[in-house]
Structures are given as structure tokens and as C-alpha cells.
Amino acid sequence: MSSVVVISRQLFRVQRIFHHLRMSSTAAAQPEVLMEKQRNVGVITLNRPKALNALNLNMIRLMYPQLKEWEDNDDTAMIIMKGAGDKAFCAGGDIRAVTEAGKVGDRLAADFFREEYILNNAIGTCPIPYIAFIDGITMGGGVGLSVHGLYRVATERTLFAMPETAIGLFPDVGGGYFLPRLGGSLGMYLALTGYRLKGREVYKAGVATHYVESHKLPALEEELMSLERSSSKTIDELLTKYHKETKREMPEVPEFSLEPHMDKINSLFSPDSVEEIFEALMRDGSDWAMQQLEKLKKMSPTSMKITHRQLSMGGHLSLQECLQIEYRMSQGCVRGHDFYEGVRAVLVDKDHSPKWNPSTLEGVTPRMLDSYFEPIPLSYLPATELHL
């Protein structure tokens, strides 16, 4: 193990101890993350149900070292990630806190993205089976905690989306890696429009690996813990058994709302630039195409253009390479205008009338676009496992 890795893990452990002490100083405080070993299974529960289990920096700093500890422990057969409550797995990251920090130059605006992406990378490279129960709202940061794992189990309550272009950001947490791999132009469509996938269609789109009724998750979890020989093969067989049972019992559930439009999605969202996508939608002229065009006109022009480049590059890169690029992009957004304006319009004032700057695609010049992808000076970053 390299000295950089050792130092990084020690740093995260110290941070976790600090946050444990801070949490324990208030008797009434509830842990934001529950982590326990049950038999040979590590179980992580996001425990902010009133906040839809939104991810903050404290939670990241608690989960990362525990994940690494279980990963290094020979008697850990698998890791299960889930959310408390019945509404959300994880509705996203604590973006409001990040923008407030960015306004005053606080390091949280850099640390949150950096440490979140390091956690995403750890999940994507975890050598033991990682199973996420994405039961309920799964957006933004919640996608990063699930989609890179070996197994993702959706339910009829799952609501998946990457709506970042509406808040002046981009589909991060490795979106540049997994979205282009959904097949055709589906990933580009989801990234630019923020379209919401529900229930079984999260599986049909390729985001989830299995689909199970929510009320069966406790039984599934118990059976996973009771496996005599835990391996990727036995875990997959058990998940597939539950998946097939659900499909037989719920045949009337619509499978994929986008199926009638996939030919148009694959053709109209495949051009080499956002401007060309707009032109293709205009030429098509169908009701569906016009609806998509109107939706796109509400999004941040800057976000759409950096997102298009992000996904165009990401289909040929590794997860770690995508996260490196996304960290640069995140700091470009922190330096810019639209991220703050989008969060104001959607999450703070909720007037849903953002004033983007630039306000048009043409206003986002090549030089402006390039600036989001330029390397960040190494002197600015501490050593980490993921060289961002």
C-alpha cells in the first residue's frame, strides 16, 4: 500500500473521530449515518429521513473510512447501502451549504466535491460486493452512492434523476462515466433534460441491476445475511430470484415510459454539440420534440454545454478519469455565476426563474467552456487516493 493511500486513510479516520466527538456532544443528536456489522455483512444506513437523507460532508467523512475498513477485512462478505425512512434513498448532496460556502470562499466548496468523489471512486473500485437499495428518491449525490456499486436494487418507489442542468451544475458523482454507458443517447437525454425515471423503468434504463417490491427488501436483506457462501454468484442468484418473483407478481406495471421515444432520443440527442441538438429538435418538429426543446430552453446554457462535453469524453474514460475531470468542472461552477443563481431559483427562493449568464448557448464561448476542464494546480490540493 502506497504512503499516499495510508496518509489519506489516516486523515479520513481522524476526521471521522472528530465528527463522532462533535455529534456525541449533543445528547439528543441522532447519528447521520448508521454503520454496523451484522454477521459478515457491513450495513450503512443514511439516517437523515427528514432531509430525504441528503448527503453532507460529515456523512462522507464517516462512511469513507468505514468502507475502507470493511474492504480490508477478510470476514466482510458484502456491503449494503440503504436509506432510512420510506421516501428517499438519498435525494442529493447538500448543495445549499456548498453554494453558501462558495460565496465567501470557504473550503467546503472544494472539500465537499473532492471528498464526495473520492468516496464515489472507492465504491466503484470496492473489491467486495456492494449492494445499494435505491428505494425512494435517488438523485445527485444519491446516484453517486449507488450506481458505481456492483448491484443496485430499485423498487416501485424509486425516483431517479440527474437534474443538475436546472441548477447551473452538471451530472457529477461519476455521471460522465455511467450515463454514456446506458446505451444510445439515453444518457445524454437524461443529463440534459433531467428526466425522471420511476420504478421499474430505472431497471429498464440500465441504472438499476434488479427490481424488487419495497416491502420485500427486509426479507431480501435477511436472506443476504444468511447466505452460507457469500459470493458474487450466490448474491446475484438471490437478487435475481427476488427480481423474477416481482416481475411475475406485478406484470401490469409499465416498464419504460421512454420506449416509444427511443428512436428520436437516439437520433436527436446524438449530435456533436448542444446547438446541433436544438437544431435537430427544431427540424423534427413533432410535439414530443418541441416539448423537449422547451424544457432545454429553461436550463443553464453553460451547464448544458459542459455536460455535453463531459459525457462525450466520459464514454471513453475510466471512472477515476471522469471524476478527475468532474472535480475540475465542479470548481469551475463554484467560480462561476449559474450555480449560485440556479440554487437560488430552485432551492432557496423557489421562483424557478433563474437569470442565466450567459443567457444563450452562443454566449458560452469556446474559451469559457475550456476553462471548466483545465487542470487545477496541484499545490491547491492535499494528497488523496484519487489524484484530482
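The following paragraphs examine the structure supplied in this document. (Residues numbered from 1 in each chain as written. Predicted model: local features only at pLDDT ≥ 70, side-chain atom pairs only at ≥ 80, totals over all residues. Heavy atoms only, no water.)

**Quick word on the packing of helix H3 (residues 95–103) against helix H16 (residues 338–348)**
Part 1 of the reasoning: At a minimum axis separation of 10 Å, H3 and H16 run at an interaxial angle of 140 degrees. Considering the angle they form, H3 stands oblique to H16. With respect to the hand of their crossing, H3 and H16 are arranged in left-handed fashion. Contact with H3, carried on its side by Ile 95, Arg 96, Val 98, Thr 99, Gly 102 and Lys 103, involves Phe 339, Tyr 340, Val 343, Leu 347 and Val 348 of H16 and no other residues of that element. (Axes fitted to C-alpha atoms, helices over the stretch in contact; angles between N-to-C directions. Helix = DSSP H or I, 4+ residues; strand = E, 2+ residues; numbered from the N terminus. Parallel < 35°, antiparallel > 145°, perpendicular 65-115°, else oblique. Left-handed = near helix turned anticlockwise from the far one by under 90°. Contact = heavy atoms within 4.5 Å.)

**A short note on the sheet that holds strand S8 (residues 159–161)**
Part 1 of the reasoning: Overall, mixed pairing links the 4 strands, which are arranged S4-S6-S8-S9 in an open sheet. Lying at the two open borders of the sheet, with one neighbouring strand each, are strand S4 (88–90) and strand S9 (197–198).
Part 2 of the reasoning: When S4 meets strand S6 (residues 137–139), the two strands line up parallel, connected through 2 bridges. Paired with Cys 90 across the strands is Thr 138, a residue of S6. (Pairing = 2+ DSSP bridges.)

**Overview of the packing of helix H2 (residues 57–71) against helix H4 (residues 108–124)**
Part 1 of the reasoning: H4 packs onto H2 with a crossing angle of 25 degrees between their chain directions and a minimal axis gap of 10 Å. As far as their axial angle goes, H4 and H2 are roughly parallel. Here the hand of the crossing between H2 and H4 comes out left-handed. Residues Leu 57, Ile 60, Arg 61, Met 63, Tyr 64, Leu 67, Lys 68 and Glu 71 of H2 touch H4, and the partners they reach there are Leu 108, Asp 111, Phe 112, Glu 115, Glu 116, Ile 118, Leu 119, Ala 122 and Ile 123.
Part 2 of the reasoning: Considered class by class, the residues forming the contact of H2 with H4 number 11 nonpolar, no polar and 6 charged. (Nonpolar A, V, L, I, M, F, W, Y, C, P; charged D, E, K, R; others polar.)

**Observations concerning unusual backbone geometry**
Trans peptide bonds make up most of the peptide bonds, and negative phi angles are found at most residues other than glycine.
Part 1 of the reasoning: That bond from Asn 357 to Pro 358 is cis: its omega, 5 degrees, falls within 30 degrees of zero.
Part 2 of the reasoning: You can see Pro 358 is positioned in the loop between H16 and helix H17 (366–371).
Part 3 of the reasoning: Positive phi values are uncommon outside glycine, yet Arg 39 reaches one of about 60 degrees.
Part 4 of the reasoning: Along the polypeptide, Arg 39 turns up in the loop between strand S1 (33–38) and strand S2 (41–46).
Part 5 of the reasoning: Positive phi, normally seen in glycine, also occurs at Asn 53, with a value near 55 degrees.
Part 6 of the reasoning: You can see Asn 53 is positioned in the loop between S2 and H2.
Part 7 of the reasoning: In this structure Asn 53 comes out as buried when scored by relative accessible area, which is 0%. (Buried < 20%, exposed > 50% of the residue type's maximum accessible area, 1.4 Å probe, protein only.)

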